[in-house]
Amino acid sequence: DKFTETGVVLTDGTELPADLVIYGTGFAKNYDIFDKVIQEKLAIQKDGLYLYRNIIPPHVPDVAFIGSEVSTFNILTHAMQSKWLSKLLKGEMKLPAPGAMDKVIEKERAWKRSWMPPMSSRACIWQLHMMKYHDNLLTDMKEARFRKMP
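Anyway, here's the lowdown on the structure attached to this text.

Parameters and conventions
- Residues numbered from 1 in each chain as written.
- Predicted model: local features only at pLDDT ≥ 70, side-chain atom pairs only at ≥ 80, totals over all residues.
- Heavy atoms only, no water.
- Helix = DSSP H or I, 4+ residues; strand = E, 2+ residues; numbered from the N terminus.
- Core = buried A, V, L, I, M, F, W, Y, C linked by side-chain atoms within 4.5 Å.
- Buried < 20%, exposed > 50% of the residue type's maximum accessible area, 1.4 Å probe, protein only.
- Contact = heavy atoms within 4.5 Å.

Considerations on unusual backbone geometry
Logical step 1: A positive phi is found at arginine 53, a non-glycine position, where the angle reads about 55°.
Logical step 2: As for its placement among the helices and strands, arginine 53 is situated in the loop between α1 (36-42) and α2 (75-89).
Logical step 3: With phi around 65°, aspartate 62 is a residue other than glycine that occupies positive phi space.
Logical step 4: Relative to the elements of secondary structure, aspartate 62 occurs in the loop between α1 and α2.

Following this line, the structure appears as structure tokens:
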């Protein structure tokens, strides 16, 4: 119900002493911010939202997803996605045509479906393959990919 200087008061009036409160609210993706027409163009599947580079929906102009459509919540991936989108918006790189993006998405979807168990988040999962995902972003940006420093 509310916080006090020494803890939390629950809705039933019970006061719990606390030095720290962590919001563990869970996480469920929801695309209801978009109307039904846009949701159809996003082509949301049972196993998630497949996007070009996990950022761009090929058939919805002026929309991009940063940080929400990748399986790892880490600053490196989100920063790389932000840099990638920044370069795109500045005109420093160009997107392939929508049909070409669809082909890349279909290839990734088929690969993921060939070995990952069915789950609602399969579209965004990279985990052990995150380095390859980062390499794809770096290649698009024409940036060097270093594994070891000289």
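Things to note about the nonpolar core
Logical step 1: Within the largest apolar cluster, 19 residues are counted, with the highest numbers of intra-cluster contacts made by Ile56, Trp84, Tyr133 and Leu137.
Logical step 2: Mapped onto this core, the elements with two or more residues apiece are α2, α3 (98-115) and α4 (130-140).
Logical step 3: The residues contacting tyrosine 133, other than those within four sequence positions of it, are Arg53, Asn54, Ile55, Val70, Thr77, Gln81 and Trp126.
Logical step 4: Grouped together as the second largest cluster of nonpolar side chains are eight residues, Leu42, Leu51, Val60 and Phe65 included.

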